[in-house]
Amino acid sequence: MKKARNKIQVNQQILIFILMVAMFAGFTALKPEFITMQSIDNILRTIALYGIASMGMTLVILTGGADLSAGSNMALAGVIGAGLLGNAIGAANPVSLPFPVTMFIAVAVCGVIGLINGFCISKLKMAPFVATLAMMSVSRGLVYVVADSVVQGVSGSPVTFMDDGYAMLGQGSIGILPVQTLLFLVIFFLLFFFLKYRKSGRAIYAVGGNPEVARLAGLKPGRSILLCYTISGALAGISGLILAGKLSSAATVAADGYELDFITAVALGGTSMAGGNGGVLGTFLGVTFLAIMNNGLDMVNVPSFYQYLIKGTILVLAVYADKLLRKGKD
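Notes on the structure in this doc start here.

Rules of the game
- Residues numbered from 1 in each chain as written.
- Predicted model: local features only at pLDDT ≥ 70, side-chain atom pairs only at ≥ 80, totals over all residues.
- Heavy atoms only, no water.
- Phe/Tyr/Trp six-rings, centres within 6.5 Å; stacked < 30°, edge-to-face > 60°.
- Helix = DSSP H or I, 4+ residues; strand = E, 2+ residues; numbered from the N terminus.
- Buried < 20%, exposed > 50% of the residue type's maximum accessible area, 1.4 Å probe, protein only.
- Contact = heavy atoms within 4.5 Å.
- Salt bridge = Lys/Arg side-chain N within 4 Å of Asp/Glu carboxyl O.
- Expected span 1.5 Å × (residues − 1).

### Observations regarding the packing of aromatic side chains
And step 1. Applying the stated criterion across every chain yields a total of 14 aromatic pairs.
And step 2. Pairing phenylalanine 99 with tyrosine 166 gives two aromatic rings, centres 4.7 Å apart and planes at 80°, and the pair type is edge-to-face. With a gap of 67 residues between them, phenylalanine 99 in helix α4 (residues 99-122) and tyrosine 166 in helix α6 (residues 164-171) connect regions that are remote in the sequence.
And step 3. You can call phenylalanine 99 partly exposed: its relative accessible area is 22%.

### Describing the side chain of threonine 102
And step 1. Its place among the elements puts threonine 102 in helix α4.
And step 2. On the accessibility criterion, threonine 102 (0% relative accessible area) is buried.
And step 3. Ignoring any residue separated from it by four or fewer positions in sequence, one finds threonine 102 in contact with Gly81, Leu84, Leu85, Leu97 and Tyr166.

### Digging into the pattern of salt bridges
When their charged atoms lie close together, side chains carrying opposite charge are able to pair.
And step 1. All told, the structure shown has three salt bridges when counted by the stated rule.
And step 2. For the salt bridge of aspartate 41 with arginine 45, the shortest nitrogen-to-oxygen distance reads 2.8 Å. Here aspartate 41 pairs with arginine 45, and both are found in helix α2 (residues 37-62), just four residues apart, close to one helical turn.
And step 3. Of the residues examined, aspartate 41 reaches a relative accessible area of 23% and is grouped as partly exposed.
And step 4. Under the relative-accessibility criterion, arginine 45 is labelled buried at 12%.
And step 5. Residues glutamate 212 and arginine 215 are paired through a salt bridge, measuring 2.6 Å at the closest nitrogen-oxygen approach. With glutamate 212 and arginine 215 both in helix α9 (residues 211-216) and three residues apart, this pair spans about one turn of that helix.
And step 6. Classification of arginine 215 as partly exposed rests on a relative accessible area of 40%.

### Things to note about helix α7 (residues 179-197)
Since the α-helix advances by 3.6 residues per turn, residues separated by three or four positions end up pointing in the same direction.
And step 1. End to end, α7 covers 27 Å across 19 residues, agreeing with the expected 27 Å (1.5 Å per residue, within 8%).
And step 2. Considered for burial, the residues of α7 that qualify are Val179, Gln180, Thr181, Phe184, Ile187, Phe188, Leu191, Phe194 and Leu195.

### Some words on helix α12 (residues 280-299)
And step 1. Its 20 residues place the ends of α12 28 Å apart at the C-alpha level, agreeing with the 28 Å of an ideal helix rising 1.5 Å per residue.
And step 2. Burial analysis of α12 places 16 of its 20 residues in the buried class, which makes it a mostly covered element.
And step 3. Where α12 ends, the next residue or the one after it, asparagine 301, has phi of about 60°, a positive value.

Dropping the structure here:
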């Protein structure tokens, strides 16, 4: 059954790849500038920005959960990182820390929020939807608290700043590749080998497939869940810092609703929404599909509300495909 499911999953990924190539060709025919270096650079940056957080989302979905707090964690990382620099326009906070320290603190805070998510789910037995929805609200509230403490003016004002480190992270390149793309590739390969070759990585699949069977086999489902949600929070934080560096501004409304894109990318890549099957390689494909689609739709001037309709429809179709996969398994 497992081999049959894997074969169907691979076929799904092949289909997504074929659709992606056709979509790329279609956008190129409509807008020849779609294949310019500037456009390709924008696609690569979008893949990295969405891809890093989507890698974390993949882990939690493999456990049979989902992280609805990812977008809020991105925004929180941005205001913390930017605020701790101490050079924001209208900054009132006395703290002024070096760029690497601000990054570490911002990512660590988001990792702790992910850890709290994991604790609520594994120890308090809360449903992942409820736990992460609650932390989404908490994180977004903290965004406003931190931003208002940094810029003590109109509530909800963005933290606008200038910093060479963040500019390199969000806007810089090494050769022809954006810095954030290189960072994304490092994270992708680390997680790929972790899931494939490490015992704790393989345990995630067992926990997602059947937590009780995994427990009887001597595994510790709670530990896997804590690990996955902590990583998800931290990776969302890294994406948030990239977004802040890209804009030289950390807005309180940043990354609102990005969870939909992350979950869609994971589902498109063939990872089962019920947990236990899939991986980061498929998510890489799903993120690339969405990045090409987003860039193409923007270039042909499709209104944002139609883009939401398209993404929602894609998510429904991807989840339905997952249902068919699980039916085939049974």
